[in-house]
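# Architecture at a glance
Residues per chain, in single letters:
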Amino acid sequence: MCGIVGAAARRNVVPILIDGLRKLEYRGYDSAGIAILNGSMTRVRAVGRVAELDARAREKGADAPVGIAHTRWATHGGVTEGNAHPHISSQGDLDISVVHNGIIENHEALRERLRNLGYEFQSQTDTEVVAHLVHSLVRAGRDPFDA
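Since the structure is predicted, the reported quantities are computational estimates derived from the model, not experimental observations. (Residues numbered from 1 in each chain as written. Predicted model: local features only at pLDDT ≥ 70, side-chain atom pairs only at ≥ 80, totals over all residues. Heavy atoms only, no water.)

## Comments concerning the layout of surface pockets
To keep things clear, this is the line we draw: Both cavities and pockets are sets of points on a 1 Å grid over the protein atoms alone; in a cavity a 1.4 Å probe fits but cannot get out, in a pocket the set is open with protein on both sides within 12 Å along at least five of seven lines, and lining residues sit with an atom within 4 Å of a point. Grid points are joined across faces, edges and corners, and a volume is the space filled by probe spheres set on the points. Note on conventions: DSSP H or I runs of at least 4 residues are helices, E runs of at least 2 residues are strands, and numbering of each starts at the N terminus. Side-chain classes follow a simple rule in which Ala, Val, Leu, Ile, Met, Phe, Trp, Tyr, Cys and Pro form the nonpolar group, Asp, Glu, Lys and Arg form the charged group, and the remainder, Gly included, forms the polar group.
Taken as a whole, the largest pocket encloses approximately 200 Å³ of empty space. If you go around the largest pocket, you meet 14 residues; those closest to its centre are I88, E120, Q122, E128 and H132. No other element matches the five residues that strand β5 (residues 87–91) contributes to the lining of the largest pocket. Split by residue class, the lining of the largest pocket holds two nonpolar, eight polar and four charged.

Structure representation (structure tokens):
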């Protein structure tokens with residue numbers, strides 16, 4: 001079962017995110033990841049245990065005051081680092097990162113529409129569609145909550 005943790009503070013939130021994911025380990029998952037914002041967006045993902053994610057985050061020197069974290073139980077796409085959350089949409093100077101629990105039933109139609117707008121998909125997940133959809137709306141000057 002998936003789990004989501006978010007944090008914002010006046011200090012490095014990576015330990016908070018990792019600790020939060022550790023507390024969710026009892027739920028079962030196959031991969032985990034974080035996206036953090038400190039001037040630019042950084043993403044760290046790993047297949048397997050949160051300990052592997054923690055080691056990778058330490059290797060990268062991940063440090064930021066804002067971030068999201070996710071443990072994934074695969075529903076769309078295989079158990080790979082590329083399918084692990086968070087998913088990011090980056091074009092120009094706009095980065096959007098999302099995590100999601102659940103299933104997006106119309107993801108294939110949305111994927112096709114977004115491909116026609118020039119978005120390239122890096123994963124097999126339905127969640128990546130959300131990152132690109134929100135990105136496309138914000139880029140067009142629309143409020144994603146009005147879509």
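Next, the rest of the story.
## Overview of the nonpolar core
Side chains of nonpolar character tend, in soluble globular proteins, to be buried together. Rules: In plain words, nonpolar cores are sets of buried Ala, Val, Leu, Ile, Met, Phe, Trp, Tyr and Cys residues tied together by side-chain atoms within 4.5 Å. Partly exposed describes any residue whose relative accessible area lies between the buried limit of under 20% and the exposed limit of over 50%, with all areas from a 1.4 Å probe on protein chains only and scaled to the type maximum. Whether two residues are in contact is decided by their heavy atoms, any of which lying within 4.5 Å being enough.
Core analysis: the biggest nonpolar cluster contains 20 residues, and V14, L17, L21, I34, I36 and L53 have the highest contact counts within it. If you list the elements that add at least two residues to this core, you get β1 (3–8), α1 (14–23), β2 (31–37), β3 (41–47) and α2 (50–60). Ranked by residue count, the leading element in this core is α1, at four residues. In this view, L53 contacts I18, L21, A32, G33, I34, V44, R45 and A46; residues no more than four positions away in its chain are not counted. Judged by nonpolar contacts, the second largest core, of six residues, contains I104, L110, L114 and F121.

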